[in-house]
Amino acid sequence: MSNHHKLSLWQKLKRLLTSSASQDIINPIDVNHANSAYLPATAITDNNVTDDTFDNNDSDRKDTTETAKLSLVKEKSDSRSETRIIDYLKRYFRTKHWHYTHYKPRLSDPQKSHHLSLRMKHRRVDCGYLFRVQEKEGLLAVYGILPFLIPESHQSAAMLLITQINYDLIVGNLEMDINDGEIRYKNAIDVEVIGLDDDIVEHLIQSVVAMTTVAYEVFGDLINTPTPSEDMPTLLGELRVQADARTFFLPTKKMQ
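All of these numbers come straight from a predicted model, not from anything done at the bench.

Trainee: How do you make sense of the pairing of strand S7 (residues 182–190) when you look at a structure like this?
Mentor: Two faces, one strand: in a regular strand the side chains alternate between the faces of the sheet. Here S7 shows one buried face, formed by Ile183, Tyr185, Asn187 and Ile189, and one open face, formed by Glu182, Arg184, Lys186, Ala188 and Asp190. As defined by bridge partners, strand S5 (residues 139–149) adjoins S7 across 8 bridges and the pair is classed as antiparallel. Each residue of the ladder has a partner; that of Leu139, found in S7, is Asp190. In this sheet, S7 lies alongside strand S6 (residues 173–177) in antiparallel orientation, the contact comprising 5 bridges. Counted as the bridge partner of Glu175 is Arg184 from S7.

This is the structure we're talking about:
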């Protein structure tokens, strides 16, 4: 396959994803709870360290910047050592008044993973979210799980689509359980390296919610396609038709 053809396929896929995601995809998240919570779309920034701080002609300013960076990493590392990841997440959820369920590690689990589950609604899309914590390794993964399963008749097309989407994803990935057709989007961080604070948690949650919402629409269109093709260009065309039918009013021969 030529490079031009590969690029053309990916351009088609990006247009498909763009049509499914709005410009303000990172919006406030309504939790399925009486008291709706609001997650502002905040970026992870350090007011003391900016691009303007770097000056090749001023070594003192550069040294100051590096010191500030090292200090920030140390503060985050010290914070992580004081509070377990699972306890930090619980406290964070409680401040948001979010209902969650804590599943303690199973005896048969060598990684001793904690799991916190909750439901969140974004753009009228209600999905389950799972937080997986491995305290010993300092790892935190967040999964957005679609509320429907991919039928066996559509799983080959789904795997083809997942492979193509994952090929160009910079952060996170899509996964499918071939045993039951469950699809989820995963993003993860190494807390031991970057630390843990409210900005990091909010950024991680919003990134997962945003991509899960897009996946909901794309794979919802897939299962609404009666007999999806296993040829990538044809499959993208079929999904585009479904997206257009969901987004636009199509002309008919009958009077409205």
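Now that the structure is up, let's keep going.
Trainee: What exactly am I supposed to notice about the pattern of salt bridges here?
Mentor: Two side chains of opposite charge can pair, provided their charged atoms sit close to one another. Tallied over the entire structure, the rule returns 6 salt bridges. A salt bridge links Lys186 to Glu175; the nearest nitrogen and oxygen atoms lie 3.2 Å apart. Residue Lys186 is found in strand S7, and its partner Glu175 is found in strand S6; the two are separated by 11 residues along the sequence. Each of Glu175, Arg184 and Lys186 takes part in one network of salt bridges that share partners.

Trainee: Honestly, helix H4 (residues 155–168) in this entry has me stumped. Any pointers?
Mentor: Given 3.6 residues per helical turn, the α-helix brings residues three or four places apart onto the same face. The end-to-end C-alpha separation of H4 is 21 Å, in line with the 20 Å expected for 14 residues at 1.5 Å each. Listed in full, the buried residues belonging to H4 are Gln155, Ala157, Ala158, Leu161, Ile162, Gln164 and Ile165.

Trainee: Got a minute to help me understand the side chain of Glu135 in this structure?
Mentor: In this fold, Glu135 is placed in the loop between strand S4 (125–134) and S5. For the buried Glu135, which has no salt bridge, the nearest side chain bearing the opposite charge is Arg84, at an N-O separation of 4.6 Å.

Trainee: I would appreciate a short explanation of the nonpolar core in the present structure.
Mentor: Generally speaking, a soluble globular protein has its nonpolar side chains buried in company with each other. Residues Leu89, Phe131, Leu140, Leu161, Leu174, Leu196 and Phe219 are the most contacted members of the largest nonpolar core, which totals 48 residues. Tallying contributions element by element places helix H6 (residues 198–223) first for this core, with 12 residues.

Trainee: Where do I start with the environment of Leu174 in this structure?
Mentor: Relative to the elements of secondary structure, Leu174 occurs in strand S6. Taking the C-alpha atoms as reference, Leu174 lies 8.4 Å from Thr163; in sequence the two are 11 residues apart.

Calculation notes
Residues numbered from 1 in each chain as written. Predicted model: local features only at pLDDT ≥ 70, side-chain atom pairs only at ≥ 80, totals over all residues. Heavy atoms only, no water. Buried < 20%, exposed > 50% of the residue type's maximum accessible area, 1.4 Å probe, protein only. Helix = DSSP H or I, 4+ residues; strand = E, 2+ residues; numbered from the N terminus. Pairing = 2+ DSSP bridges. Salt bridge = Lys/Arg side-chain N within 4 Å of Asp/Glu carboxyl O. Expected span 1.5 Å × (residues − 1). Lys, Arg positive; Asp, Glu negative; His and termini not counted. Core = buried A, V, L, I, M, F, W, Y, C linked by side-chain atoms within 4.5 Å.

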